[in-house]
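Structural description and commentary
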Amino acid sequence: MPNTKSAEKRVRTNEKRAQRNRQARSRLRTAIKKVRQADSAESAAAAFQIATALLDRASARRLIHPNKADRTKSRLATFIQTLAAKTTA
């Protein structure tokens, strides 16, 4: 239990921030899943644009490490390239 007024406020703000971070992380994971579950390379590319924007925003806000965002974008781009190669071949 917080003992001071400032500590009480800190508890409230921490809860709000944790909830906001949880929502942002969930939105990010959903966007990544949509890229992975896309049927065609075109739909995957469209989902990739959304996921890339969310990854960049999350890394800028330090929700995730910037290197993790870059690594995830790279892996998703490679996935889309292999998906496109499969559909053309």
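Note that the coordinates shown come from a computational prediction; the quantities given were computed from them, not determined experimentally. (Residues numbered from 1 in each chain as written. Predicted model: local features only at pLDDT ≥ 70, side-chain atom pairs only at ≥ 80, totals over all residues. Heavy atoms only, no water.)

**Description of the overall build of the chain**
Helix and strand counts for the chain stand at three helices and zero strands. Reading the secondary structure of the chain in the N-to-C direction produces α-α-α. For 89 residues, the compact-globule estimate of 2.2 N^0.38 gives 12 Å, and the chain exceeds it by more than 25% at 18 Å. The proportion of buried residues among the 89 residues of the chain is 24%. For the chain, contacts bridging at least 24 residues in sequence account for 55% of all contacts bridging at least 6. Per element, the accessible surface of the chain, about 6,800 Å² overall, is 49% carbon and sulfur. For the chain, the distance from the average position of its 22 positive side-chain charges to the average position of its 6 negative side-chain charges is 6 Å. (Helix = DSSP H or I, 4+ residues; strand = E, 2+ residues; numbered from the N terminus. Rg over C-alpha atoms; globule rule 2.2 N^0.38 Å. Buried < 20%, exposed > 50% of the residue type's maximum accessible area, 1.4 Å probe, protein only. Contact = heavy atoms within 4.5 Å. Areas by Shrake-Rupley, 256 points an atom, 1.4 Å probe, with all protein chains shown as cover. Lys, Arg positive; Asp, Glu negative; His and termini not counted. Charge placed at Lys NZ, Arg CZ, Asp CG, Glu CD.)

**Things to note about the packing of helix H1 (residues 5–36) against helix H3 (residues 66–88)**
Running from N to C, H1 and H3 point in directions that differ by 20°, and their axes come no closer than 10 Å. As judged from the angle between their axes, H1 and H3 are roughly parallel. The hand of the H1/H3 crossing is left-handed. Contacts between H1 and H3 involve Ile32, Val35 and Arg36 from the former and Thr72, Arg75, Leu76, Phe79 and Ile80 from the latter. Grouping the amino acids of the contact of H1 with H3 by side-chain chemistry returns five nonpolar, one polar and two charged. (Axes fitted to C-alpha atoms, helices over the stretch in contact; angles between N-to-C directions. Parallel < 35°, antiparallel > 145°, perpendicular 65-115°, else oblique. Left-handed = near helix turned anticlockwise from the far one by under 90°. Nonpolar A, V, L, I, M, F, W, Y, C, P; charged D, E, K, R; others polar.)

**Thoughts on the pattern of salt bridges**
Using the criterion set out here, one finds two salt bridges in the structure. For the salt bridge of Asp56 with Lys73, the shortest nitrogen-to-oxygen distance reads 2.6 Å. One end of the pair, Asp56, is in helix H2 (residues 41–60); the other, Lys73, is in helix H3, with 17 residues separating them in the sequence. Residue classification places Asp56 among the partly exposed positions, given a relative accessible area of 34%. (Salt bridge = Lys/Arg side-chain N within 4 Å of Asp/Glu carboxyl O.)

**A word on the packing of aromatic side chains**
Throughout the structure, instances matching the rule amount to zero aromatic pairs. Between the NZ or CZ atom of Arg36 and the centre of the ring of Phe79, over which it lies, the distance is 4.9 Å. (Phe/Tyr/Trp six-rings, centres within 6.5 Å; stacked < 30°, edge-to-face > 60°. Lys NZ or Arg CZ within 6 Å of the ring centre and 35° of its normal.)

**Topic: H3**
With 23 residues, H3 extends 33 Å from end C-alpha to end C-alpha; this agrees with the ideal 33 Å at 1.5 Å per step. All of the buried residues in H3 are Ala69, Thr72, Lys73, Leu76, Ile80 and Leu83. In this structure, the buried residues of H3 make contact with H1 and H2. (Expected span 1.5 Å × (residues − 1).)

**Some thoughts on unusual backbone geometry**
Despite not being glycine, Arg62 has its phi angle at roughly 60°, a positive value. With respect to the element layout, Arg62 can be found in the loop between H2 and H3.

**Observations regarding the environment of Ala7**
Structurally, the position occupied by Ala7 is in helix H1. Residues Ala7 and Ala41, spaced 34 residues apart in sequence, show a C-alpha to C-alpha distance of 51 Å.

The quantities given are spatial measurements derived from coordinates; they are silent on function.
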